[in-house]
Structure formats: structure tokens, C-alpha cells
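# A look at the structure
Here's the letter readout for the chains.
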Amino acid sequence: MNALTAIQETLAGTAARVGPAVVGLGRGWGLGSGVVIAEGKVLTNAHNVRGGEATLVFSDGRKDTAELAGADRDLDLAVLTADTADAPVIDWQPGEPPAIGAPVVALANPGGRGLRATIGFVSTADRSFRGPRGRRVEAAIEHTAALPRGSSGGPLVDVDGGLLGINSLRLDGGLILAVPATEAVRR
């Protein structure tokens, strides 16, 4: 097996394992993504939620209206409640931040238009940035996995499918910042 085949198999395998937990968000002009974190709960970016609700599109094409359960506008994170039915829950075991150079997979379902998965590498896991309301977000994960419009709120995972962060912000030069999936974020 050559290196490119191994990369393709890793990406396809991770997408197959995690993809069913990734949801699309859409309401009006806005598109986004999210991920099932518990039965009846979806994590996404707060900026994807307008008016306290969002339309979710699951991997099987089913649609449901989700309601905002809570948001941290400083971190740009929101938890939505909805009938997640048989959608699997992503593996979330907060641990050490990924090392520079670690391979990562970014997944999204922009507005419910189909699963996207890209592979990249961690540039740094110790990046800080200012959130939408000016609060400093520490230990953000900067990575190179390219993402299309509507991908914010989708999960950043390791190659085994474990949640590392929620993709949030595109930087000049194409780098992406993800809010780390720490124990504090989980609470």
C-alpha cells in the first residue's frame, strides 16, 4: 500500500465512523454544521443559530427543528435540543491537546447538502484568538484541513474519530481555528 492509498483509507474510514453524527443546519440564508454529542443534543457554533432555533438535516436526510438549549456567545458555541433519533453520538473523551503535526479530519454537512470530510494537520494547539464578543479563547486548535462555506460548527476529530474541537473561524491563508473540546467545554 502506498502513502496516498493509506491517507485515502484513513479519511474514508474516519468519515464512515463519524459522518452519521454530523448534521447540517440551515435556516434562510445561513448554512452551518453541527455534531450529535448526546441523545437529543447537538453542538454547533452559536452564530449558526438565529431566533433560538435551527433546522437540522441528519445524515439519513431526516429533518427536524431544533431549539436552543444554551449558548456561550464568547466561545461561539451553542447546544441545541432535537429528536436525534438513531443518529450516533460522537466519541468525546477530553484529553491532552493534539501535538503539532498530528493528522486531523474536519467534517461538515453544510446546510444538509451532504457530508464533507477533509484531512489536514495541526499547526498549533496553543493558539489564542478573540471570540465574537472579544473574549480571549485559549488553546484553540489551528489546522490545515480545508473547509467549504457552511462548515463552521462541524467537528474536528483525530483519525480514530475522537472529538478534538468544533471548527469555528477561518483565518487569512486558509488556516482554520477550532474551539477545543475540553472538559470545561463539555460541562
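What comes next concerns the included structure.

Rules used in this analysis
Residues numbered from 1 in each chain as written. Predicted model: local features only at pLDDT ≥ 70, side-chain atom pairs only at ≥ 80, totals over all residues. Heavy atoms only, no water. Helix = DSSP H or I, 4+ residues; strand = E, 2+ residues; numbered from the N terminus. Buried < 20%, exposed > 50% of the residue type's maximum accessible area, 1.4 Å probe, protein only. Contact = heavy atoms within 4.5 Å. Phe/Tyr/Trp six-rings, centres within 6.5 Å; stacked < 30°, edge-to-face > 60°. Lys NZ or Arg CZ within 6 Å of the ring centre and 35° of its normal. Pairing = 2+ DSSP bridges. 1 Å grid on protein atoms, 1.4 Å probe; cavity = no way out; pocket = protein on both sides within 12 Å on 5 of 7 lines; lining within 4 Å. Points joined across faces, edges and corners; volume = space filled by probe spheres on them. Nonpolar A, V, L, I, M, F, W, Y, C, P; charged D, E, K, R; others polar. Polar contact = N/O pair within 3.5 Å; in protein donor to acceptor, adjacent residues only side chain to side chain.

In this model, Asp-76 sits at a positive phi of 60°, which is unusual for a non-glycine residue. By secondary structure assignment, the location of Asp-76 is in the loop between strand 5 (63-72) and strand 6 (77-81). Residue class for Asp-76 comes out buried when judged on its relative accessible area of 6%.

For the rest of this paragraph, the subject is the environment of Asp-126. Tracing the backbone through its elements, the reader meets Asp-126 in strand 8 (residues 116-130). Classification of Asp-126 by relative accessible area gives exposed; the value is 62%. With near-sequence residues (within four places) excluded, Asp-126 lies in contact with Ala-139 and Ala-140.

Position of Leu-68 relative to the elements: it lies in strand 5. Once the C-alpha coordinates of Leu-68 and Thr-84 are considered, the two residues, 16 residues apart in sequence, prove to be 14 Å apart. In this structure Leu-68 touches Val-49, Gly-52, Arg-73, Ala-78, Val-79 and Leu-80, once residues within four positions along its chain are discounted.

Attention now goes to the packing of aromatic side chains. Applying the stated criterion across every chain, the model contains zero aromatic pairs. If you follow Arg-62 out to its NZ or CZ, it ends over the ring of Phe-58, 4.1 Å from the centre.

With that out of the way, let us pick up the pairing of strand 5. Sheet topology places strand 4 (residues 53-57) next to strand 5; five bridges connect them, and they run antiparallel. Bridging from a neighbouring strand, Val-57 pairs with Lys-63 of strand 5. Remark: five residues form the turn of the hairpin made by strand 4 and strand 5, two consecutive strands paired antiparallel; Gly-61 in that turn has positive phi of roughly 90°. As judged from the five bridges shared by strand 5 and strand 6, these two strands associate in the antiparallel manner. Pairing of Asp-72 across the sheet is with Leu-77, part of strand 6. Counting the residues that bridge the hairpin from strand 5 to strand 6 gives four residues, and of these Asp-76 lies at a positive phi of roughly 60°.

The subject of this paragraph is the layout of surface pockets. What the second largest pocket holds in volume is close to 260 Å³. If you trace the second largest pocket, you find 18 residues lining it, with Pro-94, Gly-95, Glu-96, Leu-164 and Ala-181 closest to the centre. Residue assignment for the lining of the second largest pocket shows that the elements contributing at least two residues are strand 9 (136-143) and strand 11 (163-170). Partitioned by chemical class, the residues of the lining of the second largest pocket number nine nonpolar, four polar and five charged.

Further remarks concern the side chain of Ser-33. With respect to the secondary-structure elements, Ser-33 resides in strand 2 (residues 30-38). Side-chain polar atoms of Ser-33 contact the backbone oxygen of Gly-150, separated by 3.0 Å. Discounting residues that sit within four places of it in the chain, Ser-33 has contacts with Val-23, Leu-25, Thr-44, Asn-48, Ala-108, Asn-109, Pro-110, Gly-150, Ser-151, Ser-152, Gly-153 and Gly-154.

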